[in-house]
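Here is how the chains run, residue by residue.
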Amino acid sequence: VQLQASGGGLVQAGGSLRLSCAASGRPFGNYGMGWFRQGLGKEREFVAAINWSGRVTNYADSVNGRFTISRDNAKNTVYLQMNSLKPEDTTVYYCAQTRASSLYAPTQPYEYGYWGQGTLVTVSS
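Here goes a summary of the coordinates provided. (Residues numbered from 1 in each chain as written. Predicted model: local features only at pLDDT ≥ 70, side-chain atom pairs only at ≥ 80, totals over all residues. Heavy atoms only, no water.)

Focus on the state of the cysteines
Phase 1: In total, this model carries one disulfide according to the counting rule given.
Phase 2: One disulfide in the model links C21 with C95; its S-S distance is 2.1 Å. Given an S-S torsion of about 55 degrees, the disulfide between C21 and C95 has right-handed geometry. Here C21 is found in strand β3 (residues 17-24), whereas its partner C95 is found in strand β9 (residues 91-98), with 74 residues between them in sequence.
Phase 3: Given the relative accessible area of 0%, C95 is considered buried. (Disulfide = S-S within 2.5 Å. Helix = DSSP H or I, 4+ residues; strand = E, 2+ residues; numbered from the N terminus. Buried < 20%, exposed > 50% of the residue type's maximum accessible area, 1.4 Å probe, protein only.)

Quick look at the pairing of strand β7 (residues 67-72)
Phase 1: Burial along β7 is one-sided: the residues F67, I69 and R71 are buried and none of T68, S70 and D72 is.
Phase 2: Bridge count for β7 against strand β8 (residues 77-82) is six bridges, and the pairing is antiparallel. Bridge pairing in β8 places I69 opposite L80.
Phase 3: The turn joining β7 and β8, which pair antiparallel and follow one another in sequence, is formed by four residues; a positive phi near 55 degrees is taken by N76. (Pairing = 2+ DSSP bridges.)

Re a nonpolar patch on the surface
Phase 1: Where nonpolar side chains cluster on the molecular surface, the patch consists of W52, L103 and Y104 and spans about 370 Å² of accessible area.
Phase 2: Within the secondary structure, L103 is located in the loop between β9 and β10 (112-115). (Patch = residues over 30% accessible without salt bridge, like charges linked within 9 Å, V, L, I, M, F, W, Y side chains within 5 Å. Areas by Shrake-Rupley, 256 points an atom, 1.4 Å probe, with all protein chains shown as cover. Salt bridge = Lys/Arg side-chain N within 4 Å of Asp/Glu carboxyl O.)

Brief notes about the pattern of salt bridges
Phase 1: Summed over all chains, the structure comprises three salt bridges.
Phase 2: Taking the shortest distance from any N to any O, the salt bridge between R37 and E45 comes out at 3.0 Å.
Phase 3: A relative accessible area of 6% places R37 in the buried class.
Phase 4: Judged by its relative accessible area of 33%, E45 falls in the partly exposed class.

Here's what the structure looks like:
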């Protein structure tokens with residue numbers, strides 16, 4: 001499985017970015033997808049997750065109402081729309097795919113078996 005994240009960049013506080021993660025290697029529509037973020041020297045933090053069908057989503061409290069996760073199974077891609085960005089959102093964002101098929105949208109890193117390379121988001125104040 002390969003996951004290729006893109007869409008990071010520099011944006012002013014209050015602005016928006018959309019991250020994308022293209023997956024390949026096994027049937028995309030069978031697995032949940034998640035976004036995590038990790039700063040230097042910090043633990044990996046859950047951001048958002050979506051189940052295989054897109055009907056179930058979960059968000060971290062810190063991003064709920066500002067970020068939206070979605071997926072296009074025809075394009076093997078998951079998205080993270082980030083609005084009202086804050087300087088504290090600055091870090092590297094990783095997409096991940098669940099180890100097994102699931103009806104749910106897992107929030108724990110151990111539920112995910114495959115990780116992308118990360119994309120840097122920088123929010124200036």
